[in-house]
Every structure is written in C-alpha cells, then in structure tokens.
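Here is what each chain is made of, one letter per residue.
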Amino acid sequence: MAEHHDRVAVVIATRDRRPELLRTLGHLSALPERPPIIVVDNASGDGAPEAVTEAFPSVRVVRADRNLGAAARNLGIQATDAAYIAFCDDDTWWVPGSLDHAAAVLDSFSQLALVMARVLIGPEDLEDPICKEIWNSPLPRPPDIPGAPLVGFLAGASVIRRSAFLEVGGFRAETGIGGEEDWLAADLLSKGWRMTYLPQLGIHHWPSSLRDPRRRAQHVLANALAFAWLRRPTTAALRTTWRLWRQSPSTIGALRASGSAAIRIIRHWHDRRIVPPDVERNYRLLETWDKKLLPRTVEEDAHAFRPTSQRQSASREDDLLDVR
C-alpha cells in the first residue's frame, strides 16, 4: 500500500457525462495509491449517480440539488478530512504514483498550498502546450520551492492542501466554470501561500466532445473582466478591459460577456479586494512577457478571452475543467 494513500482524496465534479465518468473511475480505482474517491454530481439528468453507485460501490457520491459549477468541489472537500485533495475531471485521471509524489512534496514544503501536474492529452499522451509555457515563464523561481512558480493553475490537474483551501473559502459560486481558478489562486497568494508546477506529476486528459467553445469563451471573458475589476488595481482593470475588447473576435459575445460581468461587478463591489503588490507585479510580468492576449479564433482555443495575467490557469483543451 502506498505510503501517502490515506492523506490524499480525489474529488471529481461532474454533470451529464456518465460514460466518461465511469471510464475515469475505472482508471482511478486502479491506482496503486488507492485513494478515497468522491464524486460530486452537479444535478445530472443522465443517471450518472446511480451508475457510479452500482459500478463502483466504494466511491462516495455527493449529490448537489442544482448545478453549482466549480463550487461543487467545495462539497467534495467538505466530505473528507484528507490532508490533500486531488482534483479531477470526469475525463481526466492521475498517472500512477503522482498522488504519492504530490503528498510527499506538500509534506516537505509547508508554504505550498498547491501543486499542479503535467497534462498528457489523448491516447498519445501529448503534452498540453500550457505545460511548456508555464515551465518557461519569467516568474522568479524561489530557491526554497521546487518546480516552476504559479499565479494560476488548472484545477483539474492539481493537488491542493485542504487547510489552505478552507482558509480562503474555496471556489466562489458566482464564477461557474471557466476562469474560476483565478479567484482561488489570487486568494491563496494574497494569504502568503505559494503554488508550483511539477512536471514529475502527471494527469491523463482525454478531452470530452461534449462542449460549446463559444459559450465557454464568453463565460471566460465575463470571469476575466469581473476578476480584473474586483481583484486588480483600476489601471490594470482598464488595461485588461481595453485589450480584451480590442482583440475579441465576437462583438456580440463581448457585449454579452461584458453585461454579465458588469452585473457581477456591481453586485460584489463591496467585496473588492486588490491583490498585494507582489502578486500584481507577477501578473504584470506575465503580461509583458506575452503580449498576445487572444488567439486568432475562438475555435482555435476555447480560452479565447483569457488575459495574459491568468494564462497560467488556461489550457488549450479547456474542457479539462468543464462540469457545465
């Protein structure tokens, strides 16, 4: 039995993807670490909870009474007392040995809140391009932390310290899916926690065909705008808004996203908390490093509206985190 198996629990948020979820659970159940697995169902209508209970009786199923988006993961964390939580999507599963390695690193570096894994796409195990981008980023590498430092992350490819997650309140319900990591990352960094990318960890991702890139991109844009105005200085928010609008491939989509963002900004203005100067400096460093904020078309990258300051939490295969 693996040394750290009882310290890491896997949490999956899902909605209406029964076949993919069952495939993923088959892989996770075969891991040598034998981690406890918790599935949080976002009010699926395809019978997924019943299918999981029948096929994998050891898996704990938590049913949300409505689609909570990313906040469904909060329910999963509340259902376990494991020290570390390995997030997973219904079309991703961890490489054997990665959970042990992640636990060992988190045990050894108490200032780390989160470690992110290398993402391997499809049967060919092609490395997601975001991994190379993260590894080559200009963010300063502290000598006391392994890997490449992060200001954002892929939730579906990360292991997080449960105590740090609970300290900052977890995922925000209003963010939905698509850019929700930015808020959690900013909250962690603002509290002095650190995050790192470790290519020694791995997660398989066989992208689902059940996705709507245009709708997803519109939601990501709304989240990016709201984040800019509620977590960054006014000058940075203005700059981000202008760049996103100028490079948006869809005026109608940008208008809809901006309207949605405006409502959220007004509603949550009382909760506006600007990130500390050192965090903002790292955002600006990434923006300066990569001037190209948006790809050419939405179809080329479903994270089409992601600002450079949060590019580390974007993946070219965005449905890694899609629980709809």
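Residues numbered from 1 in each chain as written. Predicted model: local features only at pLDDT ≥ 70, side-chain atom pairs only at ≥ 80, totals over all residues. Heavy atoms only, no water.

S.K.: Please give an account of helix H4 (residues 98–108) that cites residues and values.
M.R.: Among all positions of H4, only Ser 98, Leu 99, Asp 100, Ala 102, Ala 103, Val 105 and Leu 106 are buried. Those residues of H4 that are buried lie in contact with strand E1 (8–14), strand E4 (84–88), strand E5 (92–94), strand E6 (112–121), strand E9 (158–161) and strand E10 (194–205). (Buried < 20%, exposed > 50% of the residue type's maximum accessible area, 1.4 Å probe, protein only. Helix = DSSP H or I, 4+ residues; strand = E, 2+ residues; numbered from the N terminus. Contact = heavy atoms within 4.5 Å.)

S.K.: Account for the side chain of His 268, with residues named and values stated.
M.R.: By the element assignment, His 268 lies in the loop between helix H10 (251–267) and helix H11 (277–289). Taking relative accessible area as the criterion, His 268 reaches 17% and is therefore assigned buried.

S.K.: Please set out the confidence of the model for the chain residue by residue, giving values where relevant.
M.R.: When the pLDDT values of the chain are averaged, the result is 86; 85% of them are 70 or greater. Taken element by element, the predicted model of the chain shows its lowest mean pLDDT in H10 (84) and its highest in E9 (98). Counting interchain partners and residues more than four positions distant, the pLDDT-below-50 stretch residues 292–311 has 67 contacts. (pLDDT = per-residue confidence, 0-100.)

S.K.: Help me get a handle on the pairing of E1, residues and values and all.
M.R.: Among the seven residues that make up E1, seven are buried, leaving the element largely enclosed by the rest of the structure. Side chains Val 8, Val 10, Ile 12 and Thr 14 of E1 all project onto a buried face; the interleaved residues Ala 9, Val 11 and Ala 13 project onto the opposite face, where all are buried too. Bridge analysis of E1 against E4 gives five bridges, and the strand direction is parallel. Across the sheet, the residue bridging to Val 10 is Ala 86, located in E4. The pairing of E1 with strand E2 (residues 37–41) spans five bridges and is parallel. Residue pairing across strands places Thr 14 opposite Asp 41, the latter belonging to E2. Each parallel crossover has a hand, and the one from E1 via helix H1 (residues 18–29) to E2 is right-handed. (Pairing = 2+ DSSP bridges. Right-handed = clockwise from strand over helix to strand, strands pointing away.)

S.K.: A description of the packing of H1 against helix H2 (residues 48–55) should follow, citing residues and the corresponding values.
M.R.: In the contact formed by H1 and H2, the axes pass within 10 Å of each other and the chain directions differ by 25°. Between H1 and H2, the interaxial angle falls into the category roughly parallel. For the pair H1 and H2, the sense of crossing is right-handed. Note on element contacts: H2 touches H1 through Ala 48, Ala 51, Val 52 and Ala 55, opposite Arg 18, Leu 21, Leu 22 and Leu 25. Grouping the constituent residues of the contact of H1 with H2 by class yields seven nonpolar, no polar and one charged. (Axes fitted to C-alpha atoms, helices over the stretch in contact; angles between N-to-C directions. Parallel < 35°, antiparallel > 145°, perpendicular 65-115°, else oblique. Left-handed = near helix turned anticlockwise from the far one by under 90°. Nonpolar A, V, L, I, M, F, W, Y, C, P; charged D, E, K, R; others polar.)

S.K.: Lay out unusual backbone geometry in plain terms, naming residues and giving numbers.
M.R.: The phi torsion at Arg 34 lies on the positive side, around 50°, for a residue other than glycine. Note on Arg 34: relative accessible area 45%, which makes it partly exposed.

S.K.: Can you lay out the nonpolar core for me, pointing to particular residues and giving the numbers?
M.R.: Of all hydrophobic cores here, the largest spans 89 residues; its most connected members are Leu 25, Leu 28 and Trp 94. Residues in contact with Leu 25, not counting those within four places in the same chain, are Ile 12, Ile 37, Val 39, Val 52, Phe 56 and Val 59. Membership of the second largest hydrophobic core comes to eight residues, among which are Ala 222, Ala 224, Leu 225 and Ala 261. (Core = buried A, V, L, I, M, F, W, Y, C linked by side-chain atoms within 4.5 Å.)

S.K.: Describe the pattern of salt bridges, listing the residues and the values that go with them.
M.R.: For the structure shown, the criterion picks out 21 salt bridges. For Asp 91, the salt bridge identified is with Arg 17, shortest N-O distance 4.0 Å. You can see Asp 91 sitting in the loop between E4 and E5 and its partner Arg 17 sitting in the loop between E1 and H1, a full 74 residues away along the chain. The closest approach of N and O atoms between Glu 280 and Arg 232, which form a salt bridge, is 2.7 Å. Pair noted here: Glu 280 is in helix H11 and Arg 232 is in the loop between helix H8 (213–231) and helix H9 (234–247), with a separation of 48 residues, a long-range link. Considered together, Glu 280 and Arg 232 belong to a single accessibility category, that of buried residues. (Salt bridge = Lys/Arg side-chain N within 4 Å of Asp/Glu carboxyl O.)

S.K.: Quick rundown of H2? Include the residues and the values.
M.R.: Every buried residue of H2 is accounted for by Ala 48, Pro 49, Ala 51 and Val 52. Buried residues in H2, looked at end-on, bunch into an arc of 165°, giving them a common side. In this fold, the buried residues of H2 make contact with H1, E2 and strand E3 (60–63). (Arc of directions from axis to C-beta.)

S.K.: I'd like to hear about the pairing of E9, residue by residue, with values.
M.R.: Of the two faces of E9, the one carrying Ser 158 and Ile 160 and the one carrying Val 159 and Arg 161 are both buried. Across three bridges, E4 lies against E9 in antiparallel orientation. Bridging across to E9, Tyr 84 finds its partner in Arg 161. Here E6 pairs with E9 via three bridges, running antiparallel.

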